[in-house]
Amino acid sequence: MQKIQTDKVINVPHKKKHKKALKTPSQVIRICLVWCFVLCLFLLSLPFINATFYITDDLKKTANVQEAYSKAATQQEIDSAEKELQAAIDGLETDPQKEESALEPTNAAAIDSAQFDWVYHVSSDVNTKDLQKLIMQAKDIDRSTYTDKSVETLNKTVTNAQKILGASVTISQTGLQLMFGGSISEMFRGTSNGTIANSLFAYALGIIPLICFFAASFDKTRHIKHIIALLGSILCLVDIYFIIYPFIAIGSVLTIIMYIIICVLNIFSIYAKQQEDYIMKHPELEAEFTEKHPLFVNALINYKSFGSRQTENTSSDKSDLSKKSKKQHIKDK
């Protein structure tokens with residue numbers, strides 16, 4: 001007789017597929033807000049300030065081109081400015097106290113406060129190469145080891161040489177340079193009044209969006225993120241106006257646009273959250289909301305699918321804990 005082999009059938013239990021919660025409008029807008037604040041932080045690496053300055057006849061800085069020194073320099077004036085600048089460089093006097101302090105090691109990390117782009121306006125029939133080389137040499141000199149009087153003379157002579165050459169400088173600052181190097185408007189006015197306040201306003205450009213980012217990331221169910229985002233956006237817009245305007249650049253313009261978008265998204269997020277809370281409190285209006293606002297019904301569907309289950313799980317966990325504590329209490333007796 002032949003043996004008939006039979007395959008054994010093993011019943012493999014089917015894995016239960018976990019349902020995924022549906023995306024609600026408030027959740028989608030919250031994610032958009034998070035990415036908006038990430039972009040605001042990234043924009044700090046772009047130029048926030050851009051300004052062009054000129055030198056007046058009395059060696060002052062001005063942003064008005066009509067006040068700039070515009071006389072065409074002759075070769076004699078250029079040669080005279082070159083001799084004065086060379087004499088100022090040779091006349092630098094070292095300060096023993098500053099020289100000793102300069103030898104002490106420092107761990108401070110320096111950051112460039114701005115980018116300077118110098119342009120000279122002179123006639124084509126004059127030679128300015130030697131004077132320009134002297135100006136670059138004077139800029140590279142470490143002034144920290146010399147006396148204040150000789151350094152002041154050198155700076156004044158350099159500015160006069162740049163005036164003779166009809167110099168103009170375009171200064172640009174990123175948001176990070178603005179935070180660590182001071183604002184161009186502060187440099188332009190030439191005073192230190194309000195330096196601490198300006199520094200706080202500059203740091204606020206990075207601190208406020210960072211706070212708003214964490215608020216939008218971790219607050220998923222309440223309106224706290226809306227309050228923080230709205231106040232933060234308004235404060236940053238006011239901050240940009242006070243410390244940057246009118247020297248705005250591409251980074252500050254894009255940042256202003258982003259904060260306006262954040263304010264609009266914030267209003268839509270508040271409305272969406274209110275509608276979702278309302279439909280969850282009034283499930284009898286599901287048919288009406290499905291017809292008029294179907295996206296808001298996702299919140300009710302999630303509440304029916306997961307909300308009651310979560311409450312049951314938490315209550316069962318509490319009952320198990322109470323039973324265990326009772327048993328432990330009986331054993332102790």
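Residues numbered from 1 in each chain as written. Predicted model: local features only at pLDDT ≥ 70, side-chain atom pairs only at ≥ 80, totals over all residues. Heavy atoms only, no water.

Considering the pairing of strand E1 (residues 47–55)
Next, step 1: As paired strands, E1 and strand E4 (residues 168–174) are joined by 7 bridges and run antiparallel to one another. In the sheet register, alanine 51 faces E4, and the bridge partner there is isoleucine 171.
Next, step 2: Bridging between E1 and strand E2 (residues 61–62) involves 2 bridges; their strand directions are antiparallel. Paired with tyrosine 54 across the bridge in E2 is threonine 62.
Next, step 3: Once E1 ends, the chain turns through 5 residues before running back antiparallel as E2, passing leucine 59 with a positive phi of about 65 degrees. (Pairing = 2+ DSSP bridges. Helix = DSSP H or I, 4+ residues; strand = E, 2+ residues; numbered from the N terminus.)

A few points about helix H2 (residues 75–90)
Next, step 1: Between its terminal C-alpha atoms H2 stretches 23 Å, which fits the 22 Å expected from 16 residues at 1.5 Å a residue.
Next, step 2: What H2 keeps buried is the set Ile78, Ala81, Leu85, Ala88 and Ile89. Summarising the axial view, the buried residues of H2 lie within an arc of 95 degrees, below the 170-degree limit, and thus occupy one face. Of the residues in H2, the exposed ones pointing more than 90 degrees away from the buried face are Gln76, Lys83 and Asp90.
Next, step 3: In this structure, the buried residues of H2 make contact with helix H4 (129–139) and helix H5 (148–164). (Expected span 1.5 Å × (residues − 1). Buried < 20%, exposed > 50% of the residue type's maximum accessible area, 1.4 Å probe, protein only. Arc of directions from axis to C-beta. Contact = heavy atoms within 4.5 Å.)

A short note on the confidence of the model for the protein chain
Next, step 1: In the predicted model, the protein chain carries a mean pLDDT of 76, and the fraction of residues at 70 or more is 69%.
Next, step 2: Note that pLDDT drops below 50 for residues 189–194; the model gives that stretch 2 contacts with residues more than four away or on any other chain. (pLDDT = per-residue confidence, 0-100.)

Looking at a nonpolar patch on the surface
Next, step 1: There is a patch of nonpolar side chains on the surface, built from Leu230, Ile234, Val238, Tyr241, Phe242, Tyr245, Ile248, Ile250, Val253, Leu254, Ile257 and Ile261 and spanning about 1,100 Å² of accessible area.
Next, step 2: Of all the elements in the fold, those that place two or more residues in the nonpolar patch are helix H9 (224–243) and helix H10 (250–281).
Next, step 3: Residue position: tyrosine 245 is located in the loop between H9 and H10. (Patch = residues over 30% accessible without salt bridge, like charges linked within 9 Å, V, L, I, M, F, W, Y side chains within 5 Å. Areas by Shrake-Rupley, 256 points an atom, 1.4 Å probe, with all protein chains shown as cover. Salt bridge = Lys/Arg side-chain N within 4 Å of Asp/Glu carboxyl O.)

Remarks on the packing of aromatic side chains
Next, step 1: This model, assessed by the stated rule, comprises 5 aromatic pairs.
Next, step 2: Ring centres of tyrosine 241 and tyrosine 245 lie 5.3 Å apart, and the angle between their planes is 20 degrees; on these two criteria the pair is classed as stacked. Both residues of the pair, tyrosine 241 and tyrosine 245, count as exposed.
Next, step 3: An aromatic cluster of three or more residues is present, and its members are Phe213, Phe214 and Phe218. (Phe/Tyr/Trp six-rings, centres within 6.5 Å; stacked < 30°, edge-to-face > 60°.)

Description of the pattern of salt bridges
Next, step 1: Applying the stated rule across the entire model yields 4 salt bridges.
Next, step 2: The residue aspartate 58 makes a salt bridge to lysine 60 at a minimum N-O spacing of 4.0 Å.
Next, step 3: In this structure aspartate 58 comes out as partly exposed when scored by relative accessible area, which is 49%.
Next, step 4: Glutamate 77 is the salt-bridge partner of lysine 71, the closest N and O atoms lying 3.7 Å from each other.
Next, step 5: Among the residues examined, lysine 71 registers a relative accessible area of 51% and is labelled exposed.
Next, step 6: With relative accessibility at 24%, the residue glutamate 77 sits in the partly exposed group.

Let's talk about the packing of H2 against H4
Next, step 1: It is the contact of H2 with H4, at a shortest axis distance of 9 Å, that shows an interaxial angle of 25 degrees. Comparing their axes, H4 and H2 come out roughly parallel. Considering the relative orientation of H2 and H4, their crossing is left-handed. Residues Ile78, Ala81, Glu82, Leu85, Gln86 and Ile89 of H2 touch H4, and the partners they reach there are Asp130, Leu131, Leu134, Ile135, Gln137 and Ala138.
Next, step 2: By residue class, the composition of the contact of H2 with H4 is 8 nonpolar, 2 polar and 2 charged. (Axes fitted to C-alpha atoms, helices over the stretch in contact; angles between N-to-C directions. Parallel < 35°, antiparallel > 145°, perpendicular 65-115°, else oblique. Left-handed = near helix turned anticlockwise from the far one by under 90°. Nonpolar A, V, L, I, M, F, W, Y, C, P; charged D, E, K, R; others polar.)

A few points about H4
Next, step 1: Looking only at H4, the buried set comprises Leu131, Leu134, Ile135 and Ala138. Along the axis of H4, the buried positions cluster into a sector of 100 degrees, meaning they face one direction only. Residues of H4 that are exposed and point over 90 degrees away from its buried face: Lys129 and Lys133.
Next, step 2: Tucked into the core, H4 has its buried residues touching H2 and H5.

Overview of the nonpolar core
Next, step 1: Core analysis: the biggest nonpolar cluster contains 20 residues, and Ile78, Leu85, Ile89, Leu131, Ile135 and Leu154 have the highest contact counts within it.
Next, step 2: Listed by contribution, the elements that provide at least two residues to this core are H2, H4 and H5.
Next, step 3: Dropping the residues within four chain positions of it, isoleucine 89 is found in contact with Leu134, Gln137, Ala138, Ile141 and Leu154.
Next, step 4: With 18 residues, the next largest nonpolar core counts Phe37, Ile208, Met258 and Leu265 among its residues. (Core = buried A, V, L, I, M, F, W, Y, C linked by side-chain atoms within 4.5 Å.)

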